[in-house]
2 protein chains.
Amino acid sequence: MAGTAELDYPLVNGLPALREALAGYLGRVRNARTTPDRVMVTAGFAQGLSLLCEALPLLGIRTLALEDPGHSGQRRFIEQSGMHTVPIPVDAEGIDVDRLRESGVRAVLVTPAHQFPTGITMSPQRRRQLVDWAEQVDGLIIEDDYDGEFWFEPHPRPSALQSLAPGHTVYAGTASKTLVPGLRLGWLVIPDHLSHLLTRIRSRHDLGSDGITQRAFAELINTGMLDRHLRRVRSRYRSRREVLLQAVAQQLPQAKVIGSSAGLHAFLQLPAGVDESALVAAALRRSVLVYGAQRYQFAPGVRPAGLVVGYSSLPLAGLSAAIFAVRDALDEQAPGARPALRELPVTERTGVLLG
Amino acid sequence: MAGTAELDYPLVNGLPALREALAGYLGRVRNARTTPDRVMVTAGFAQGLSLLCEALPLLGIRTLALEDPGHSGQRRFIEQSGMHTVPIPVDAEGIDVDRLRESGVRAVLVTPAHQFPTGITMSPQRRRQLVDWAEQVDGLIIEDDYDGEFWFEPHPRPSALQSLAPGHTVYAGTASKTLVPGLRLGWLVIPDHLSHLLTRIRSRHDLGSDGITQRAFAELINTGMLDRHLRRVRSRYRSRREVLLQAVAQQLPQAKVIGSSAGLHAFLQLPAGVDESALVAAALRRSVLVYGAQRYQFAPGVRPAGLVVGYSSLPLAGLSAAIFAVRDALDEQAPGARPALRELPVTERTGVLLG
């Protein structure tokens, strides 16, 4: 039953019932260290990021470091807010903290659970280094945990980075991947010293989020329905990822899927010499939409070609067919390329957008 | 059935289905002149106003004129955004356009249907003057139509001011009064020349509003359920207003309800010499929450005392009891005041907050 709390003017930081449910949920599933009063409900991570981009300059921070490769839409969003960005390379363990330190910036946006787009999970050593950096420069880590609920590796999923340094981390989560992006429901876990500032900025943007949606999401958490839903879709996405990997092994032995088995997309590293743009275009002519890795590379310089393939909205048969079409497209570039055998009626919706 | 349009990342300006439904609805019930592409769905009027406060300085407008008396919460909200405000007096016909012209500002926020808090409906002459002003100074009128759906006068409700000057008016509506504030659902109708700018600013704040709530509201409009709901609550609010007026006539003959019979609150003008703050405090001791007119007065200077009484959430019997308590409180100030007879278990939720 919805009552005054949901129907009347809401609290700008969110419905107390949802903030309490989220604090418990994030503690339980991501080991986040928080209390309900440090949770803010936002219109997706986009609004959270917008508030942060308004807050950081007030703290004297005008540049935000980003992972490279990274989310080009997010980078644009951040720069449109007036913040500068500086790309920091990602290696097999995650963001290069030495390079981050050299950059002199005091705030960084990272995706430790499942780096976007490479899929790499930040190593324990790298997490420790990043936290040391934040403590030394009195800096801020923004942890975008956009798909942290989806983990298919046999070993346990690492805790949220926030658990290592709750005073230096803004943790950001979203219902965009677990439910649907259209809900525009996200949340921040905010360190004490930023809480008042972010609330003040938020209350200049709007008066809070839809109370009925908030109440419904609190119910999903409290009744265990979200857990059940996640178990169901997790198993579905795991199968899709497995089928995708099998298809890649069979059809594209020259490619390699890197990163953790997690999330809703895979990163295919292609052999040197592949013309990535031509491959993406050739795949699209076969009705398969994949994104080239170049799209996500910020610093200039040639890097190995790669493809980002989303598998959240394709049935199993479609996935195999899509990889077949990519092989077909790749063959066009190979010496003695065969002509495409057929046009496949497959459309791939891919790319993980800004939560 | 919700589909990709509602569930996937939304269009930042709103779901096409809702923008189309709103364009039809606003044309039908408020004679607004618009097409769906000029409607933006917002998180209540608060977000719309926040976007406008960010847009106006980019047009060289750093001061927004406000009605005086007016909405003190809105004024604070606007000033916190960095805009300056200048109060312009309201008389029996609405905002004083001569004073507005003298102020030299180029943007004004008005409540033509039912001025907040006085309840005055802007006269046709004053509307014409205001539109002439906007055309002459190339200015902008922000029309806050916060309770335009509630009209109880026998003569027809005047059209939205926007219909007279769609190129110089941003019309703002909200579901906060017709349904509940907790939905955080509002809309702007934007002149062509501002449309791109406001979309650009919006897309720096968030990625759009909750698609499921938007779809549900479009259904309410398209199925006629909103109309039926409004017929029902309109008749309920009309009765409450009538009972309130009767109680005032009987218990407080020295007070006068001014303004149109419309909306969800009434403005009681009190006789000269009444100590407004003492009256509000004495009413509160009797568990009746009313707001003194002073709360809404911006420019310094003594003006007649008044009370703002909301009647949207009190049953009929409670309204009479509340006015009885106000009389009782007023009697404390009169020579030969009687002691209060009893404490009434009535709580009045009043004041029309920022849509």
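Since this is a predicted model, take the numbers as computed values, not measurements. (Residues numbered from 1 in each chain as written. Chains lettered and ligands numbered in written order. Predicted model: local features only at pLDDT ≥ 70, side-chain atom pairs only at ≥ 80, totals over all residues. Heavy atoms only, no water.)

Asks: Explanation requested: the interface of chain A and chain B in the structure shown.
Replies: One frequently used descriptor of interface size is the decrease in accessible area upon assembly of the parts. Tallying the contact residues gives 34 residues for chain A and 34 residues for chain B. The junction of chain A with chain B conceals about 2,700 Å² of combined surface from both sides, 57% of it contributed by carbon and sulfur atoms. Contact with chain B buries surface across chain A, with A:Y9, A:R184 and A:R204 losing the most and accounting together for 23% of the total. Where chain A packs against chain B, one counts zero salt bridges. Between the two partners, chain A and chain B, sit eight residue pairs in polar contact (both at pLDDT 80 or more). When contributions to the side of chain A that touches chain B are tallied by element, the ones reaching two or more residues are α1 (4-7), α3 (44-58), α4 (72-80), α7 (192-205) and α8 (211-222) of chain A. Taken together, the residues that form the side of chain A that touches chain B break down as 13 nonpolar, 13 polar and eight charged. (Contact = heavy atoms within 4.5 Å. Buried area = accessible area lost by both parts, 1.4 Å probe. Salt bridge = Lys/Arg side-chain N within 4 Å of Asp/Glu carboxyl O. Polar contact = N/O pair within 3.5 Å; in protein donor to acceptor, adjacent residues only side chain to side chain. Helix = DSSP H or I, 4+ residues; strand = E, 2+ residues; numbered from the N terminus. Nonpolar A, V, L, I, M, F, W, Y, C, P; charged D, E, K, R; others polar.)

Asks: What exactly am I supposed to notice about the relation of the copies chain A and chain B here?
Replies: Look at the two chain copies: a rotation about an axis and a shift along it is all it takes to match them. Note on the copies: chain A fits chain B at an RMSD of 0.0 Å, the axial shift is 0.0 Å, and the rotation between them is 180°. Taken together, these values place the two copies in the relation of a two-fold axis. Of all interface residues in chain A, 100% are interface residues in chain B too; the two copies therefore contact each other through one and the same surface. (Least-squares fit on C-alpha atoms with pLDDT ≥ 70 in both.)

Asks: For this particular structure, what's the right way to read the packing of aromatic side chains?
Replies: Here the distance between the centres and the angle between the planes together describe a pair of aromatic rings. Applying the stated criterion across every chain, the model contains eight aromatic pairs over all chains. Plain terms: the ring middles of A:F150 and A:Y237 are 5.3 Å apart, the flat faces sit at 80° to each other, and that makes the pair edge-to-face. Here the residue A:F150 occupies a position in the loop between β6 (140-144) and β7 (169-174), and A:Y237 occupies one in helix α9 (residues 225-251), the gap between them amounting to 87 residues. A:Y237 matches A:F150 in its accessibility class, with the two residues each being buried. Arranged with centres 6.0 Å apart and planes meeting at 90°, the rings of B:F116 and B:Y146 form a pair that is edge-to-face. Highlighted residues: B:F116 in the loop between β5 (107-110) and α6 (124-137) and B:Y146 in the loop between β6 (140-144) and β7 (169-174), separated in sequence by 30 residues. For the pair B:F116 and B:Y146, a shared accessibility class is recorded, and that class is buried. Each residue in the set A:F116, A:Y146 and A:Y296 is aromatic and connected to the rest through ring pairs, giving one cluster. Lying across the ring of A:F298, A:R75 places its NZ or CZ 4.5 Å from the centre. (Phe/Tyr/Trp six-rings, centres within 6.5 Å; stacked < 30°, edge-to-face > 60°. Buried < 20%, exposed > 50% of the residue type's maximum accessible area, 1.4 Å probe, protein only. Lys NZ or Arg CZ within 6 Å of the ring centre and 35° of its normal.)

Asks: Can you help me understand the sheet that holds strand β9 (residues 256-258) of chain B in this one?
Replies: Hydrogen bonds between backbone groups are what pair the strands of a sheet, and the pairing can be parallel or antiparallel. Read across the open sheet, the four strands follow the order β9-β10-β12-β11 (chain B); overall the sheet is antiparallel. Both outer strands of the open sheet, β9 and β11 (291-292) of chain B, are each paired with one neighbouring strand and no more. (Pairing = 2+ DSSP bridges.)

Asks: Could you clarify how one ought to interpret the nonpolar core in this entry?
Replies: In a soluble, globular protein the nonpolar side chains are often hidden away together inside. Counting 57 residues, the largest nonpolar core has A:W187, A:F217 and A:L307 as the members making the most contacts within it. When residues of this core are assigned to their parent elements, the largest contribution, eight residues, is made by α9(A). Inspection of this core shows a minimum of three residues originating in each of domain 1 (4-223) and domain 2 (234-348) of chain A. The contacts of A:L307, once residues within four sequence positions are left out, are A:A266, A:F267, A:L268, A:L270, A:L279, A:V280, A:V290, A:Y291, A:G292 and A:V326. Core analysis: the next-biggest nonpolar cluster, separate from the first, contains 56 residues, B:A247, B:V248, B:V290 and B:A305 among them. (Core = buried A, V, L, I, M, F, W, Y, C linked by side-chain atoms within 4.5 Å. Domains from an automatic or database assignment.)

Asks: What should I look at first to understand the domain arrangement of chain A in this one?
Replies: Residue and element names in this part refer to chain A. For chain A, the domain assignment lists domain 1 (4-223) and domain 2 (234-348). At the interface, 25 residues of domain 1 touch 21 residues of domain 2. When domain 1 packs against domain 2, close to 2,000 Å² is buried across both sides, 62% of that on carbon and sulfur atoms. Linking domain 1 to domain 2 there are zero salt bridges. By residue number, the principal contributor to the side of domain 1 that touches domain 2 is strand β2 (residues 63-68), which donates three residues. Classifying every residue of the side of domain 1 that touches domain 2 gives ten nonpolar, eight polar and seven charged.

Asks: Mind showing me how you'd approach the confidence of the model for chain A here?
Replies: Interpretation of this model should avoid reading the predicted coordinates in detail wherever pLDDT is low. All names here are of chain A. In this model, chain A carries a mean pLDDT of 90, and residues with pLDDT of at least 70 account for 94%. Confidence drops under pLDDT 50 across residues 336-355; counting only partners more than four residues distant or on other chains, this segment forms 67 contacts. The complex model carries a pTM of 0.88, and its ipTM stands at 0.83. (pLDDT = per-residue confidence, 0-100.)

Asks: Whenever I open this one, the packing of α3(A) against α4(A) confuses me. Can you help?
Replies: Packed helices, taken two at a time, are described by the angle their axes make and the gap between the axes. All names here are of chain A. Where α3 contacts α4, the two axes come as close as 9 Å, and the packing angle between them is 40°. In terms of orientation, α3 lies oblique with respect to α4. The two elements α3 and α4 cross, and the hand of that crossing is right-handed. Residue-level inspection shows F45, A46, L49, S50 and C53 of α3 in contact with α4, the latter providing Q74, F77 and I78. (Axes fitted to C-alpha atoms, helices over the stretch in contact; angles between N-to-C directions. Parallel < 35°, antiparallel > 145°, perpendicular 65-115°, else oblique. Left-handed = near helix turned anticlockwise from the far one by under 90°.)

Asks: Is there a simple way to think about the pattern of salt bridges in this case?
Replies: Should their charged atoms come close, side chains of opposite charge can pair. As enumerated under the stated definition, the model contains 25 salt bridges over all chains in all. Linking A:D145 and A:R30 is a salt bridge whose minimum nitrogen-to-oxygen distance equals 2.7 Å. Highlighted residues: A:D145 in the loop between β6 and β7 and A:R30 in helix α2 (residues 16-30), separated in sequence by 115 residues. Using a relative accessible area of 1% as the deciding quantity, one classes A:R30 as buried. We note a salt bridge from B:D91 to B:R126, for which the minimum N-O separation is 3.0 Å. Taken together, the positions of B:D91 in strand β3 (residues 84-91) and B:R126 in helix α6 put the pair 35 residues apart, joining distant regions of the chain.

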